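# Tertiary structure, described
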Amino acid sequence: MTKEKVEDGNDDMLIDGEPEQRQGNAIPEGFNANYLKVYYGKLFPHADIFKWISYGNDGKHPACDQSYFGRREFSFTLDNDIYVRFQSFNSAAELENSIKEKCPFKIDIGAVYSVDPAKRHAYAQAGDNVFTPVERELVFDIDMSDYDDVRYCCSGADVCLDCWPLMTIAVKVINTALRDDFGFNHILWVYSGRRGVHCWVCDGRARRLTNEQRAAIVDYFRVYKVGNENSHKKVSLMGHALHPFLARSYTEVLRAFFEEKLLCSQKIFATEERFEKILKMIPDDSITSELWGRWQESKRSSISKEDLNVVRWEQLKHMLQSGKQKVQGLRRCVEEIVFSYTYPRLDTEVSKHMNHLLKAPFCVHPKTGAGCFSMLLNDFLSSLPGRVCVPIDPDQCEEFDPTTVPTLSKLLEELNMGGLRADIDFDWDKTSLGKSVRFFRSSFLQPLLKSCKEEMESSYNAKLQHSKNSISW
Amino acid sequence: MEIVRSQRKSSVTDVAPTLPLYRSAPALEVRLDDFELFAIDRLRVLKGISDGLSRGRKPEEMEKLVRDLWRTNMRHQNTSEVINKDIISHFVLRLVYCRTEELRKWFLSMETTLFRYRFRLEIPEAQRALMGEFDLLYKAVGSAEFESVKEILGQVARSIGQPLPNADTIFFKVPFEEVPELVAGRRVYICKGYAYVPMNQVVSLVVTQFRSYLSKALVLTNRKWTSTIREQEKDRLTPIVEALSTSYLGPDYSQPKEFAEISIKDIDQVANTSFPLCMRHLFEKGVGLKLDDALAFWRAEFSQKVGTERFDKEYAYSIRHNYGKEGKRTDYTPYSCQKIISSTPGVGDHHGCPYRHFRFTLKLMHFHLPQGHATRQNAVYHSEITFFLSTQTSTVKLTSKQIYDFYHDCFLLVCLLLESEENLRAALGKMGVSDRAVEDIMDKVRNRHYQLACTLTFEAVHDSSCDAGINHPNQYFSDSQKILQSKMVIPLGEQLGGMVCICMRQHELVDRKL
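So, here's what we can say about the structure. (Residues numbered from 1 in each chain as written. Chains lettered and ligands numbered in written order. Predicted model: local features only at pLDDT ≥ 70, side-chain atom pairs only at ≥ 80, totals over all residues. Heavy atoms only, no water.)

### Section: the overall build of chain B
Which entries qualify depends on this criterion: Helix and strand labels come from DSSP, where a helix needs a run of H or I of at least four residues and a strand needs a run of E of at least two; each type is numbered from the N terminus. Any residue under 20% of the maximum accessible area for its type is buried, any over 50% is exposed, and the rest in between are partly exposed; the area is computed with a 1.4 Å probe on protein chains only. When checking whether two residues touch, look at their non-hydrogen atoms; a contact exists if any pair is within 4.5 Å.
Tallying secondary structure elements over chain B gives 23 helices and 7 strands in all. Expressed as a percentage of the 514 residues in chain B, the buried residues total 50%. Sequence-distant contacts, at least 24 apart, represent 73% of the contacts inside chain B between residues at least 6 apart.

Right, dumping it as structure tokens:
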């Protein structure tokens, strides 16, 4: 379409800095193609992304699959909202040059296909479906906007420190299950840049899962009844016991987060509207009406020093778990409430299909100020900070604060400040992105490449052994 | 009588007597009419299973259903022929259903379900023999290991209402990838990538193997079919094979003679009472969209008539299209639900099953339009085309360039995903379906039981049960008319002289409405 081309040649001013024009080093908040150009030129860790996506196939080992990286789909979203799928690159340089040249607002990573995705049409003519995804990280996408019915601090695209613990819970629960239950080791958690988290499971075994197996894992994680909004009970925990995975999630993560954090920070019992929502989850009228009556009373005379939410939660638990309530369903109710308010909500489609795309780590979420978008989209985008999709350490995920994740303008500011320091090799090391890149390398990339190498080594040796044997026979 | 000779050599002697694994085609002589009749009998079983599944039957009910279907349809007067009928019919249908992705998927799913319940009906010795056939030679979990995980295995058993395991319970430790359905249902304990599968759930392992084997076999059969068989057999088997996959085993709705035509002026009224959603779809699609206020303006425009020229063109097109479809052998009713569901509406198409396609396709494009009513109307008309744009999953895409080629003065601005589910809700709401019923329907849609969703809609709208399920848009209509007549709520059916049926294809109907 007739979209103006990005004006070139402005980026160096940000680097060399012309302080008299720029009022110190403050870079106006916002998002534009020029900022992005500098970011891709100086900060984006192209080489690390290439290393990761190559999974050791970029080496010299005879078992390396030289076509591997070139069969990976990348997708770019360009600045006029044009979405270009099925890009592929044959080398680190090709990838880097294309990113720098096209300056995509968003980079998505797709599957590894049977053939070069850029040439899929050529293969399509050969009949049969030669062009098919063959490998893909197992990915998860958890978005805060799916939690709108259980958070009262923000809604939609907004997040704050009061609701972010919901994401922390998701990281903890899913991460533990992926490691302990499914035995995966190479797991990357990334802040999605706005209101959620992404997870990339990169073990060879995970990358080779079929769609059916992916769907099975997603279902293993699912406790929500499929969006039955009219039903008051969103979670249904059947049976006489919880599955060990759910039981562990409950005792190790959910209960504590609910009682120690969310109960008070979200003021879950604070108003009639809120506590009614919970009472509706209890299938026993005598209990609900008694609690309702009590809480109506206490509304008028709340002199208790203890937090209202805590008091009410304790009362509810007491009613449901007291000796009288032998009925299994009622005892389970406490757990169901906690699950409803805390358990991770996955965007299941992304995880189930190999050909789904997911935004690459270290992308920047676009924020636009220009009036070239419709009201709708503009409102939507302007509510979001242009933050970098940085990795999250799952072992320290309580510490993660989405509001301090570097924004594009902050990074450029830092880059300007540190511009003259010659003692630093990498530009990103001059900025707060450095920490993230270092974490990506040391906790994820290096162990991953080590195991890729080992896997390659052992499968190669096995093959050699096999061919030796077949010769001697 | 012609004789079909299989050229493939093999024997079936090493297969368990009652439940073959269909590893190789039988070296049997088959009469040509048996070829077709056996296949139809098996097809009845598979369709019955498909119905049962989409109605959400419980496993116990399915077990009984499968047993009954099998007994009713797969008998043979000659006992020794029963097994041959089983194998022959399977291989014929494999040929029939290998030809497209959609057909393969359906066949795979139904045959796997059939296999599952037949396996469950086998005695344990036979089950173990079948495991052996699949090379499922997992070692049982040793007693020391069992003791170490006994507690947690008990917890899993209690969570799914199974008897607690004891020292005699055999568990197999298998990679979780091999028992996806047990993983999905949290029916096993999983630790470090291994699932602990108790003997009574082993069916899942076997079924996974069966499924994966059959899936690969279908692709191979397809290759053989396209490369050689179709051409070689073009005068003999090919017509039968091609007719079988579209054969619709319900009543025939294609014969117009018994029914009165409905005049166009009545269609409005009939549409409101008796049309299935797929036939109302067009209007709803225009008005049911949940648009932002900024876009409200367009709402009115969407439902306006398009120009006469356009109408004639489309109308003529659909007539041609219909006639072009004529003349296939047993393709009695090309627009049965199964067919509608499996078709993907193209850009600008009005047909397709709304339960399915509402779910996947809606996207909205917003045009910045210049002033001038004529241009605007055209653009509005064409903006409908752009509803079917690419999502992250689908590559169906109308590029901005294409649009630009049409309208140089249109300026593409935004492409925004709308929650398409809302559209379906809105459409159902307009039909007078209660909120509660809408939720049930949405549930079915989410589980991809589109025909069942339609059946539930029918039941909700008519406040009456529909045990046979909806299998054809015309059946929806005629069943609806029957109910309405019996209730005397709307005397329309009488006015039109008893039974009424729209013997129109979807296109035609939609165009008339336009």
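### Digging into the overall build of chain A
Quick note on the threshold: Areas reported here follow the Shrake-Rupley algorithm with a probe of radius 1.4 Å; residue values treat only the protein chains shown as occluding.
Helix and strand content of chain A: 18 helices and 9 strands. The buried share among the 473 residues of chain A stands at 52%. Within chain A, counting contacts between residues at least 6 apart in sequence, those at least 24 apart form 69% of the total. In the form shown here, chain A has an accessible surface area of approximately 21,100 Å², with 50% of it arising from carbon and sulfur atoms.

### Some points on the sheet that holds strand β9 (residues 391–392) of chain A
Residue and element names in this part refer to chain A. Rule in force here: Strand pairing requires that DSSP identify at least two bridges connecting the strands.
Pairing within the open sheet is antiparallel, and its 4 strands lie in the order β5-β7-β6-β9. Here the strands that pair on one side only, and so sit at the sheet edges, are β5 (138–143) and β9. Here 6 bridges tie β5 to strand β7 (residues 196–201), and the two strands are oriented antiparallel to one another. Residue pairing in the sheet places D143 in a bridge with G196 of β7.

### Here we look at helix α13 (residues 308–321) of chain A
Residue and element names in this part refer to chain A. How we decide: Helix span is expected to be 1.5 Å times the residue number reduced by one. Polar contacts, as counted here, are pairs of nitrogen or oxygen atoms within 3.5 Å of one another; within protein the pair requires one atom able to donate a hydrogen and one able to accept it, and residues that are adjacent in sequence qualify only if both atoms are side-chain atoms.
For α13, which comprises 14 residues, the first-to-last C-alpha distance of 20 Å matches the rise-based estimate of 20 Å (1.5 Å per residue) to within 8%. By the burial criterion, the buried members of α13 are N309, V310, R312, W313, L316, K317, M319 and L320. A side-chain oxygen of the first residue of α13 lies 2.6 Å from the backbone nitrogen of N309; this N-cap is D307.

### A closer look at the packing of aromatic side chains
To keep things clear, this is the line we draw: Aromatic rings from Phe, Tyr and Trp, with only the six-membered ring used for Trp, were paired whenever their centres fell within 6.5 Å, and each pair was classed as stacked if the ring planes differed by under 30 degrees, edge-to-face if by over 60, and tilted otherwise. Two thresholds decide whether a charge sits over a ring: the Lys NZ or Arg CZ must be within 6 Å of the ring centre and within 35 degrees of the ring normal.
For the structure shown, the criterion picks out 44 aromatic pairs over all chains. On the basis of an interplanar angle of 75° and a centroid distance of 5.6 Å, the ring pair of W164 of chain A and Y191 of chain A is categorised as edge-to-face. Residue W164 of chain A is located in the loop between β5 and α7 (165–181), and its partner Y191 of chain A is located in strand β6 (residues 187–191); the two are separated by 27 residues in the primary sequence. Comparing W164 of chain A with Y191 of chain A, the two get one shared label, buried. Every member of this aromatic cluster is reached through a ring pair, and the members are F140, F182, F184, Y220, F221 and F245 of chain A together with F176 of chain B. Between R23 of chain B and the ring centre of Y213 of chain B, over which it is positioned, the NZ or CZ distance is 4.9 Å.

### A closer look at the nonpolar core
For clarity, the threshold we go by: We call a set of buried residues a nonpolar core when its members are Ala, Val, Leu, Ile, Met, Phe, Trp, Tyr or Cys and they connect through side-chain atoms within 4.5 Å of each other.
Residues Y39, W52, F140, L178, F184 and F221 of chain A are the most contacted members of the largest nonpolar core, which totals 193 residues. Those residues in contact with F221 of chain A that sit more than four places away from it in its chain are F140, I174, A177, L178, F182, F245, Y343 and L346 of chain A together with R186 of chain B. Judged by nonpolar contacts, the second largest core, of 23 residues, contains C353, A437, I470 and Y476 of chain B.

### Focus: the environment of Q315 of chain A
Residues and elements named next belong to chain A. Among the structural elements, Q315 can be located in helix α13. Look at Q315 and you get partly exposed, because its relative accessible area is 22%. The spatial distance from the C-alpha of Q315 to the C-alpha of R294 is 9.6 Å, given a sequence separation of 21 residues. Non-local contacts of Q315, meaning those with residues more than four positions away in its chain, are made with L291, R294 and W295.

### Quick word on the pairing of β7 of chain A
In terms of burial, β7 of chain A is largely enclosed, as 6 of its 6 residues are buried. Across the two faces of β7 of chain A the burial is the same, with G196, H198 and W200 of chain A and V197, C199 and V201 of chain A all buried.

### Observations concerning the pattern of salt bridges
Using the following cut-off: We define a salt bridge as a side-chain nitrogen of Lys or Arg found within 4 Å of a carboxyl oxygen belonging to Asp or Glu.
What the rule picks out here adds up to 41 salt bridges over all chains. Put simply, K51 of chain A and D58 of chain A hold a salt bridge, and the shortest N to O gap is 3.1 Å. Note that D68 of chain B is salt-bridged to K64 of chain B, the shortest N-O span being 2.9 Å. With D68 of chain B and K64 of chain B both in helix α2 (residues 59–73) and 4 residues apart, the pair spans about one turn of that helix. Taking relative accessible area as the criterion, K64 of chain B reaches 47% and is therefore assigned partly exposed. Connected through salt bridges with shared partners, the residues R42, D86, E111 and R118 of chain B form a single ionic network.

### Some details on the packing of helix α4 (residues 101–121) of chain B against helix α8 (residues 202–232) of chain B
Describing two packed helices takes the angle between their axes plus the distance from one axis to the other. Residue and element names in this part refer to chain B. Inclusion rule: For helices, the axis comes from a line fit to the C-alpha atoms of the stretch in contact; other axes are also lines fit to C-alpha atoms, and the angle between any two N-to-C directions lies between 0 and 180 degrees. The sense of a crossing depends on the near helix, which, turned anticlockwise from the far helix by less than a right angle, makes the crossing left-handed and, turned clockwise, makes it right-handed. For this scheme, ten residues count as nonpolar: Ala, Val, Leu, Ile, Met, Phe, Trp, Tyr, Cys and Pro. Four count as charged, namely Asp, Glu, Lys and Arg, and the remainder, Gly too, count as polar.
It is at 9 Å that the axes of α4 and α8 come closest, and there the two elements cross at 145°. By crossing handedness, the relation of α4 to α8 is classed as right-handed. Contacts from R104, F107, L108, S109, E111, T112, F115, R116, F119 and R120 in α4 reach V203, V206, V207, F210, R211, L214, S215, L218, V219 and N222 in α8. In terms of residue class, the contact of α4 with α8 is built from 11 nonpolar, 4 polar and 5 charged.

### Focus on the pairing of strand β2 (residues 83–87) of chain A
Two faces, one strand: in a regular strand the side chains alternate between the faces of the sheet. Most of β2 of chain A is tucked away: 4 of the 5 residues are buried. Hairpin connection of strand β1 (residues 72–77) of chain A to β2 of chain A: 5 residues between the antiparallel strands, including D81 of chain A at a positive phi of 65°.

### Here's the deal with the side chain of N73 of chain B
Residues and elements named next belong to chain B. Within the fold, N73 resides in helix α2. Accessibility expressed as a relative area gives 14% for N73, which makes it buried. Aside from chain neighbours lying at most four places away, what touches N73 is D41, R44, V45 and K85.

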